[in-house]
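What the coordinates show
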Amino acid sequence: MSGSRCGQWVGHADFTAKLCNDCGFGSRENDCAVCGNWVGSTETLGVLCGDCGFGSKGDECSQCSSWVGSFEARAKLCNDCGFGTRGEECCRLKP
Ligand SMILES: [Zn+2]
Ligand SMILES: [Zn+2]
Ligand SMILES: [Zn+2]
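All values derive from a computational prediction rather than experimental measurement.

**A short note on the overall build of the protein**
- Counting secondary structure elements, the protein contains three helices and six strands.
- Written out in order from the N terminus, the α and β elements of the protein read β-β-α-β-β-α-β-β-α.
- Over its C-alpha trace the protein gives a radius of gyration of 12 Å, about what one expects of a compact globule, namely 12 Å for 95 residues.
- Expressed as lengths along the three principal axes of its C-alpha atoms, the size of the protein is roughly 30 × 30 × 20 Å.
- In the protein, which comprises 95 residues, the share counted as buried stands at 37%.
- At a minimum sequence separation of 6, the contacts of the protein that also span at least 24 residues come to 85%.

**A few points about unusual backbone geometry**
- The backbone of D14 shows a phi angle near 55 degrees, a positive value even though the residue is not glycine.
- Positionally, D14 belongs in the segment before strand 1 (15–16).
- For D14, a count of 12 C-beta atoms within 10 Å corresponds to the exposed category.
- A positive phi angle, near 70 degrees, is found at S65, a position not held by glycine.
- Secondary-structure assignment places S65 in the loop between helix 2 (50–53) and strand 5 (73–74).

**A word on the nonpolar core**
- Of all hydrophobic cores here, the largest spans 22 residues; its most connected members are C32, A33, V47, L48, L77, C90 and C91.
- Not counting chain neighbours up to four residues away, the residues in contact with C90 comprise R5, C6, G7, Q8, V10, V47, L48, C49 and C52.

**Points about the environment of D80**
- Tracing the backbone through its elements, the reader meets D80 in helix 3 (residues 79–82).
- Considered as a pair, D80 and S27 are 53 residues apart in the sequence and their alpha carbons are 19 Å apart.

**Comments concerning the environment of G11**
- Its place among the elements puts G11 in the segment before strand 1.
- Classification of G11 as exposed rests on a count of 11 C-beta atoms within 10 Å.
- Separated by 78 residues in sequence, G11 and E89 place their C-alpha atoms 8.4 Å apart.

**Things to note about the confidence of the model for the protein**
- For the protein, the mean per-residue pLDDT works out to 92, and 98% of the residues sit at or above 70.
- By mean pLDDT, strand 5 is the weakest element of the protein at 93, and strand 4 (residues 47–48) is the strongest at 97.

What counts, and at which threshold
Residues numbered from 1 in each chain as written. Chains lettered and ligands numbered in written order. Predicted model: local features only at pLDDT ≥ 70, side-chain atom pairs only at ≥ 80, totals over all residues. Helix = DSSP H or I, 4+ residues; strand = E, 2+ residues; numbered from the N terminus. Rg over C-alpha atoms; globule rule 2.2 N^0.38 Å. Buried ≥ 20, exposed ≤ 12 C-beta atoms within 10 Å, placed from the backbone. Contact = placed C-beta atoms within 7 Å. Core = buried A, V, L, I, M, F, W, Y, C linked by C-beta atoms within 7 Å. pLDDT = per-residue confidence, 0-100.

Structure below.
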């Protein structure tokens, strides 16, 4: 996994972090959107800040910026990356 998360505090923006067909296909859907670890039974969903989720940007994959289209798998976070206030940080990866 390359790049780092945007990390901005999401606040009340709370946009859904989505995955494209490539990044969310099969078991990859259960990889943490930030660090790539196995998510397991945690059900913390990734969110986007106002900058990353606004308008058509909200329909881009939070991992690779591809167009999500109708796929719309949700990005998930592992226990480490989604714990406490970290779960309220934008999970979009910077290229
Ligand atoms: Zn993680
Ligand atoms: Zn962001
Ligand atoms: Zn993708």
